[in-house]
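Fold and geometry: a report
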Amino acid sequence: MGSSRPVLITSTLAAALAGALLLTPSATAAPGPDEPRPHPVREGGGRDTGPAGAPASTAADALDTASDRQARTGGYPRETTLDAPPVNPDDKSIKLGLAPYHSLAPRLNALQRLGDRVSVEVAGHSAGGHELYLVTVTAPESAAQAREQERMRERIENAPAAAAGDARIAAAYKTPVFINNNIHGNEWEGTDAALKLIEELAKANDARTADLLAKNRIYLNVTANPDGRIAGTRANAGGFDLNRDFITATQPETRAIRRIAIEKQPAVMLDLHGYVNGTLIEPTTPPHGENYEYDLFLKNAYANALGMEKAVNGLGYTLDKDGVRPAVIPFRDEKEGWDDWPPIFTPQYMPFHGAVASHTIEFPMRVNNRDYDALPAAELRRRAAVNTDIAGAAMRATLDYTHTHRTSVIADQIETFRRGAAGEAQRPVSEETVPGVPGIGPEDVYTATFPRAYVIPAGRFQRSAVAAARLVDHLVANDVRVERARTPFRLQGRAYPAGSYVVDMHQPKRGLANVILADGRDISADVSVMYDISGWSIGRLWGATVDRSVSAAPRVPTRTVHAASPTGRVAPYGDLRLRLDDPKEIAALNSLLAQGVRVRRANDGSAVVPGSARGAARVLADRLGVAFDRADVHGTTELHHTRVAVAASPGELFALREMGFAVVPVSTDVLNAGFDWSSVDTLFVSSGLDHAKLTPAARAAFDASGVTVVGLGGQGAAFNAAASLLEVTAVSGNVDANGVVRVTNSRGPITGGAPAHTFVYSPGWFTGLGSGVRVEQSYGSGNPLVSGHWRAADDGKGGPTDAAGRASIVSGTTKAGAPVVLFGTEPLFRAHPKGVFAQIGRALLTR
């Protein structure tokens, strides 16, 4: 199997690197003005292969309580005196002549004192514990005026049909604009442009600025990723690319932005990035997210893009003089390669909360990665100044567009919510439905057929109560309306018990509900390649049973759900059975083992806990929501507290820690330096460990260790082959493929009772199975892909039909008797598919 996903193809890589100019503009290798332009493609796609250096835990992400209380009751301005962190001379921003993180709090304190337009609050904390600063710029409001704005905001979402005819909203509601900066830590300049904009708006005394601030609220997340800003890394301190985290929200920074989206309800938003030359301004090429009201979105996003393009090009930067190419709008200028399909990116998540224009902006001049280290500081500062100018121009143009079209922008946001609440069909984009936007064709039409309702059943119809509760809480956290049935009911010929959860799809944020719960779509035939994930169904991948009702919603008395009901329980007598189907159940088991409780594993993979540990079980049932039922099976194999040496991505390390494993990050270098194998029981390999590069001494030490080996993906398979562990042939599918797939599970201890779906990225499978090698899971028959993008490679091989029926997970023992489990799937991908985490957890417990 392939080790890690390459960055698409040479031409797309050329575009992404086009900002990496040489010292003089004339020396650039960028194409001439008449040469074909390669497709611009996002950086950072593919299977994660970065080092596993994530912290063991992340900082709390709750809003500052004083700021939170003031936000509910106070007017504007809302001055917050920020505590300045210690000066950090190693902050990577300094070399670029940009604002280091430690300078932000003093600058924001000073900006608040300039007048009565600037307010600052602490919107949360990063994974590394740094404060996240949310700035609001608007004309002063009394507490009563602020409460009226909030009432109008709620009316727009919750009573959109009435809001559409509300003259007071049309006249007085302030349009919310959200500008998100520096979500990739080493794409710095949006922060500095935001600081300049805040100062300009605070000081301006012209009539247009006064009118702008009287009719709009401008929210600026000054740096969404302070950890990465300081360290000069794309990821946060947890190792996560935050702009891939929105549908899962594993990180405190993304949860803070989610809360801003819900509470501020932006109608327009910008997300500032780098580096693509020329400046890249969304809207995008196909495929377009099928759950958007895309006609309303494209109308505003394209018009705003034209204004930003004019502003950016109007700065006067040129290729010959400055190394800067003209701006690009992918929807107009490219065929494919820059899509808005997955909801993992900030601008693709925001439309589900009412944004009718949201954009990634990629400024042009590369200053990160190799350029940061190789170029003189003067050249880096020149480039950073150009990028800051361009970011500022995009921000100002967006404010101009929003202010000029304020009435229609708000009307379109209301219409987005109204269609959802009314259950109306989407309007396919066309030159008739979106007049004035050129080049709309059938390739741009992506619509969803929304079901009438989803049901998350209770009782025996639910495969995992703890997984169902997690899913319900996630829906609520995303502002999706969930009800709970007070009585039993029937729907589509099936009986459901009282307590079942109902998601009525006649609701304002139906698009987000469907994004989370639907299977998704196979888009393999629609475009040649996708840069990032194309399938993500939380309804399939989080371990809960979710039923879809096409034509009817249940007629049953319900109550609104603000949090899922407790699911933990402990049988009153006898030994206890703990199913190991969920990461929380694995975490409970690991806690018991760490406490010295003697637990045995049954043949079906569940754990049998002695009744004498009932007290400890009650604590875990209350804390984790897991169920300890009376044991109806016998444990056959004693389980032990497992210490795991991990060579993996940050997302995988995060997931392992979530399941309560004691982990020790390792790598090729760590093993070559002399590793004490007696300190661990199991080795998990998915990246960062190459057996072929181990010294003879390191290989000998590993061979003598006798540890269990769990290998995932291409590097896991390569390690297995190089170390001569299991006799299998690993086959790599198309390295660009990813999505949700059907699988068939064995009844053994690793996948017994597992869901019938899993996730793949660069999928692999195993053939040529030697004697004693067991198939734990196989890909489904026919075409196993449910949603995502999986084509055969150019040679016609590696497609989903090649994988059909093939072994996706295998296990066995080495000649020395050490257990080995190999995965061709991605059960821990970015800590996302939680319903299949336990397959890795069970494998790690194998002795």
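Residues numbered from 1 in each chain as written. Predicted model: local features only at pLDDT ≥ 70, side-chain atom pairs only at ≥ 80, totals over all residues. Heavy atoms only, no water.

**Section: the overall build of the protein**
When its secondary structure is counted, the protein shows 28 helices and 34 strands. Its C-alpha atoms give the protein a radius of gyration of 27 Å, within 12% of the compact-globule value 29 Å for 847 residues. Each principal axis of the C-alpha distribution contributes one length, and for the protein these read about 80 × 65 × 55 Å. Within the protein, buried positions represent 61% of all 847 residues. Taking the intrachain contacts of the protein between residues at least 6 apart in sequence as the baseline, contacts between residues at least 24 apart amount to 80%. Entry remark: accessible area of the protein is about 29,700 Å², with carbon and sulfur atoms responsible for 52%. Between the mean site of the 88 positive side-chain charges and the mean site of the 90 negative ones, the protein shows a separation of 6 Å. (Helix = DSSP H or I, 4+ residues; strand = E, 2+ residues; numbered from the N terminus. Rg over C-alpha atoms; globule rule 2.2 N^0.38 Å. Buried < 20%, exposed > 50% of the residue type's maximum accessible area, 1.4 Å probe, protein only. Contact = heavy atoms within 4.5 Å. Areas by Shrake-Rupley, 256 points an atom, 1.4 Å probe, with all protein chains shown as cover. Lys, Arg positive; Asp, Glu negative; His and termini not counted. Charge placed at Lys NZ, Arg CZ, Asp CG, Glu CD.)

**So, empty space enclosed by the protein**
Evaluation of the coordinates by the stated rule reveals nine cavities of 30 Å³ or more. Of the volumes computed, that of the largest cavity is approximately 160 Å³. Surrounding the largest cavity, 17 residues form its lining, Asn291, Tyr292, Glu293, Pro351 and Thr416 being those nearest its centre. Within the residue set of the lining of the largest cavity, elements represented by two or more residues are α11 (294-313), α17 (406-422) and α19 (510-517). Counting residues per element, the lining of the largest cavity draws most heavily on α19, at three residues. When its residues are assigned to classes, the lining of the largest cavity shows ten nonpolar, four polar and three charged. (1 Å grid on protein atoms, 1.4 Å probe; cavity = no way out; pocket = protein on both sides within 12 Å on 5 of 7 lines; lining within 4 Å. Points joined across faces, edges and corners; volume = space filled by probe spheres on them. Nonpolar A, V, L, I, M, F, W, Y, C, P; charged D, E, K, R; others polar.)

**Overview of the pattern of salt bridges**
In this structure the tally under the stated criterion is 51 salt bridges. The salt bridge partner of lysine 299 is aspartate 412, with a shortest N-O separation of 2.9 Å. Taken together, the residues span a long stretch of sequence, with lysine 299 in helix α11 and aspartate 412 in helix α17 at a distance of 113 residues. Put simply, arginine 521 and aspartate 526 hold a salt bridge, and the shortest N to O gap is 3.7 Å. When salt bridges with common partners are traced through the structure, they connect Glu293, Asp295, Glu415, Arg418, Arg419, Glu424, Arg427 and Arg510 into a single cluster. (Salt bridge = Lys/Arg side-chain N within 4 Å of Asp/Glu carboxyl O.)

**Section: helix α7 (residues 189-203)**
Here α7 contains 15 residues, and its C-alpha end-to-end distance of 22 Å stays within 8% of the 21 Å for a straight helix at 1.5 Å per residue. Most of α7 is tucked away, with eleven of its 15 residues classed as buried. The set of residues buried in α7 consists of Glu189, Gly190, Thr191, Asp192, Ala193, Ala194, Leu195, Leu197, Ile198, Leu201 and Ala202. (Expected span 1.5 Å × (residues − 1).)

**Remarks on the sheet that holds strand β14 (residues 501-504)**
Hydrogen bonds between backbone groups are what pair the strands of a sheet, and the pairing can be parallel or antiparallel. A sheet is described by the order of its strands in space; here five strands give the open sequence β15-β10-β14-β11-β16, paired in antiparallel fashion. Bordering the open sheet on either side are β15 (547-549) and β16 (558-560), each of which pairs with just one other strand. When strand polarity is set aside, the average angle formed by the axes of neighbouring strands in this sheet is 30°. Relative to β16, strand β11 (residues 483-485) runs antiparallel, the two sharing three bridges. Bridge pairing in β16 places glutamate 483 opposite threonine 560. (Pairing = 2+ DSSP bridges. Axes fitted to C-alpha atoms, helices over the stretch in contact; angles between N-to-C directions.)

**Some details on the sheet that holds strand β17 (residues 569-570)**
Strand order across the open sheet formed by six strands is β17-β21-β18-β20-β19-β22, with mixed pairing between neighbours. Bordering the open sheet on either side are β17 and β22 (637-638), each of which pairs with just one other strand. Examined bridge by bridge, strand β19 (residues 600-601) and strand β20 (residues 607-609) share two bridges and lie antiparallel to one another. Bridged to arginine 600 within β20 is valine 608. The strands touched by helix α21 (residues 583-594) within the sheet are β18 (576-578), β20 and β21 (627-630), with β18 carrying the most contacts at an inclination of about 130°.

**Notes on helix α3 (residues 101-112)**
The terminal C-alpha atoms of α3 lie 18 Å apart, and with twelve residues this matches the ideal 16 Å at 1.5 Å per residue to within 8%. The element α3 is largely enclosed, with a buried count of nine among its twelve residues. Along α3, the residues classified as buried are Tyr101, His102, Ser103, Leu104, Ala105, Leu108, Asn109, Leu111 and Gln112. In this structure, the buried side of α3 is in contact with β1 (118-125), β2 (131-137), α7 and α9 (226-231).

**A word on the side chain of threonine 223**
Mapping threonine 223 onto the fold places it in the loop between β4 (216-221) and α9. Among the polar contacts listed, one links the side chain of threonine 223 to the side chain of asparagine 182, at a separation of 2.8 Å. A distance of 3.3 Å separates the side chain of threonine 223 from the backbone nitrogen of asparagine 225, its partner in a polar contact. When sequence neighbours within four positions are dropped, the list of residues in contact with threonine 223 reads Tyr101, Leu104, Leu132, Asn181, Asn182, Thr191 and Arg229. (Polar contact = N/O pair within 3.5 Å; in protein donor to acceptor, adjacent residues only side chain to side chain.)

**Some words on the environment of alanine 327**
Relative to the helices and strands, alanine 327 is located in the loop between α12 (319-322) and α13 (330-333). Along the chain, alanine 327 and valine 276 lie 51 residues apart, while their C-alpha atoms are 9.5 Å from each other. Setting aside chain neighbours within four positions, we find alanine 327 in contact with Thr279, Ile281, Glu309, Val312, Asn313, Arg332 and Asp333.

**Describing the environment of alanine 793**
The topology assignment puts alanine 793 in the loop between β32 (785-789) and α27 (800-803). Sequence separation of alanine 793 and valine 735 is 58 residues, and the distance between their C-alpha atoms is 8.4 Å.

**Some thoughts on the packing of aromatic side chains**
For any pair of aromatic rings, geometry is given as the distance between the ring centres together with the angle between the planes. Scanning the model with the defined rule gives 21 aromatic pairs in all. Here phenylalanine 675 and tryptophan 677 contribute two aromatic rings whose centre-to-centre distance is 5.0 Å and whose plane-to-plane angle is 85°, an arrangement assigned as edge-to-face. The class for tryptophan 677 is buried, based on a relative accessible area of 9%. What links up through ring pairs into an aromatic cluster is the set Tyr292, Tyr294, Phe297 and Phe352. Directly above the ring of phenylalanine 461 sits arginine 460, whose terminal nitrogen or CZ lies 4.6 Å from the centroid. In this structure, lysine 834 is placed above the aromatic ring of tryptophan 542, and the distance from its NZ or CZ to the ring centre is 5.9 Å. (Phe/Tyr/Trp six-rings, centres within 6.5 Å; stacked < 30°, edge-to-face > 60°. Lys NZ or Arg CZ within 6 Å of the ring centre and 35° of its normal.)

**Here's the deal with unusual backbone geometry**
Cis rather than trans, the peptide bond between asparagine 277 and glycine 278 has omega equal to 10°. Looking at where glycine 278 falls in the secondary structure, it is placed in the loop between β5 (268-274) and β6 (280-281). The step from proline 286 to proline 287 runs through a cis peptide bond, and the omega angle for that step is 0°. The phi dihedral of aspartate 479 falls on the positive side, at around 70°, and the residue is not glycine. For aspartate 479, the position within the fold is in the loop between α18 (465-477) and β11. Judged by relative accessible area, which is 22%, aspartate 479 ranks as partly exposed. Its identity as a non-glycine residue notwithstanding, arginine 830 has a phi of 50°, on the positive side. In this structure, arginine 830 sits in the loop between β34 (819-823) and α28 (837-844).

**Here we look at the pairing of strand β3 (residues 175-181)**
Taking burial as the measure, the seven residues of β3 include seven buried ones, the bulk of the element. Neither face of β3 is left uncovered, since the one carrying Thr175, Val177, Ile179 and Asn181 and the one carrying Pro176, Phe178 and Asn180 both have all their residues buried. Sheet topology places β3 next to β4; six bridges connect them, and they run parallel. Bridged to asparagine 180 within β4 is asparagine 221.

**Brief notes about the side chain of asparagine 225**
Counting through the fold element by element, asparagine 225 comes out in the loop between β4 and α9. For asparagine 225, the residues in contact, after removing those within four places along its chain, are Asn182, Ile183, His184, Gly185, Thr233, Arg234, Ala235, Asn236 and Leu242.

**With respect to the packing of α11 against α17**
Running from amino to carboxyl end, α11 crosses α17 at an angle of 165°, the nearest separation of the two axes being 10 Å. In terms of orientation, α11 lies roughly antiparallel with respect to α17. Crossing handedness for the pair α11 and α17: left-handed. Of the residues in α17, those in contact with Asp295, Leu296, Lys299 and Asn300 of α11 are Ser408, Val409, Asp412, Glu415, Thr416 and Arg419. (Parallel < 35°, antiparallel > 145°, perpendicular 65-115°, else oblique. Left-handed = near helix turned anticlockwise from the far one by under 90°.)

**With respect to the environment of arginine 366**
Summarising the element assignment, arginine 366 is placed in the loop between β9 (357-363) and α15 (369-374). Separated by 310 residues in the primary sequence, arginine 366 and aspartate 676 have C-alpha atoms spaced 42 Å apart.

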